[in-house]
Amino acid sequence: MAMRRRVFFALASLLALVLLVLTLLLSVTYWLPRLAGVWLPEGTRIALDTAPRWRQGTIHFPAVRYLAGDCTLASADDLTLGYRQARWQAGARRLALDSACLSQLPASDSGDASAPRTLAQWQALLPSADVVVQQLIVNPYQSWAGALRLTLDRAAQRIDYQGDNVQFRADLQGQHLTLRQLTAQAPMLSQPVSLHGSLTLAPFADGVPERGQLTGDFTLTQVPHPLRLALDWQQNQGKLTLHQTDEQTTPLVELPWQVTPQQIAITAGRWRWPWASQPLAGGVALTLSHWQQGLEATEIVGRMNMLTQGRGGKGNVVLTLGPGHLSYRQRVAAASYRRKQTGRAAILCGLTGHAKWFAARSSAAYRTRRAIADARAAALHAGS
């Protein structure tokens, strides 16, 4: 009798466990996002459109969204997660990020002493993992879309990004970043820009690199020779120079600069253009304020002059810039406004032209009728 009760109790416990597992699987879209919300920043959440599935040793999520407030900051399609050979394996067929939703993220809590602050602390948290994203899209920069591959370890990290308009490969060991390839296609350049070099990053992840050296080659349709760009800096100051690759003469551009948390300042810059009918040269001074707040908030003030010399003497032309902003949103709005104004002007011109044609036609008809009437009056007068 006691044996029968124990068997009955074991079967009931097994049935209850099976029912619990089934219930959890059927309601995973409800409880899993709430469980993940324990570790997410306040005001953000994860949404699962459909329940995950187990496939070939990995968990497969058909669609996952990460929201900041009501704004979809990230959305992933065909997200997979698995563990093989002591390494995590994560992948996605498509990952779309919306930069406009970054403003919806809550401010970081600077008073939390347990939160990682330095680059080394962040690296110590990284698991051994391989991440593959077949298509990464960052809105509104869809033209820079590409495939992303990350290899993560605590001692070293590697990134490989390959797109139609940009390719990027770099290795990071501690604070030392080796840029193996950075190739980008710009609209104003006939050939892609290619950069390579090394950087020593700041101990804090949001700081300016302490030192570094970057070199790059590119060509311009207006320049008959390839050009080489060199950027060197130490701490918060450095120099940007531009040479012809086949010459070691005076640089075409030389821009000494200094950077602070408040502004980037270029002082005593020089430039020259030897391919004009007469040589041109001048100086450059430029200040970018509030640069850490993004391009939209950066205030630009500058001054550039051009010196000429010929048979008629010397000349000096001065160009003053700003204060102002290079705002993408304002530029789009201005272009839309100009299109509307151009359309209205075209309509007005069309109406004005039609009115002039109608007036001219009416005037011509009036003169014709007047001439016929005068001819009839003259004929009657002659007959009488």
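Since we're looking at a predicted model, the values are computed, not measured.

Trainee: Which residues make up the pattern of salt bridges, and what values do they have?
Mentor: In total, this model carries 10 salt bridges according to the counting rule given. Linking D130 and R87 is a salt bridge whose minimum nitrogen-to-oxygen distance equals 3.0 Å. Of this pair, D130 sits in strand β7 (residues 129-139) while R87 sits in strand β5 (residues 87-92), placing them 43 residues apart in sequence. Close ionic contact of E254 with R270 constitutes a salt bridge, the shortest N to O distance being 2.3 Å. Of this pair, E254 sits in strand β16 (residues 253-259) while R270 sits in strand β17 (residues 263-273), and the two are 16 residues apart along the sequence. Look at E254 and you get buried, because its relative accessible area is 14%. One salt-bridge network, held together by shared partners, links D77, D78, R93 and R94.

Trainee: I'd love a proper account of the packing of aromatic side chains, names of residues and values included.
Mentor: Taken as a whole and judged by the stated rule, the model has 1 aromatic pair. Here the aromatic rings of Y83 and W88 are separated by 4.8 Å at their centres, their planes lie at 65°, and the arrangement is edge-to-face. Note on W88: relative accessible area 41%, which makes it partly exposed.

Trainee: Report on the pairing of strand β19 (residues 299-310), specifying residues and quantitative values.
Mentor: For strand β18 (residues 280-289) and β19, the ladder comprises 7 bridges, and the chain directions are antiparallel. By the bridge assignment for β19, V284 is matched with M304. In terms of strand pairing, β19 meets strand β20 (residues 313-324) through 10 bridges, oriented antiparallel. Among the inter-strand pairings, M304 is bridged to a residue of β20, identified as L319. Here β19 folds back onto β20 in antiparallel fashion, the turn holding 2 residues.

Procedures and definitions
Residues numbered from 1 in each chain as written. Predicted model: local features only at pLDDT ≥ 70, side-chain atom pairs only at ≥ 80, totals over all residues. Heavy atoms only, no water. Salt bridge = Lys/Arg side-chain N within 4 Å of Asp/Glu carboxyl O. Helix = DSSP H or I, 4+ residues; strand = E, 2+ residues; numbered from the N terminus. Buried < 20%, exposed > 50% of the residue type's maximum accessible area, 1.4 Å probe, protein only. Phe/Tyr/Trp six-rings, centres within 6.5 Å; stacked < 30°, edge-to-face > 60°. Pairing = 2+ DSSP bridges.

Honestly, that's just the spatial picture; any functional story needs more than this.
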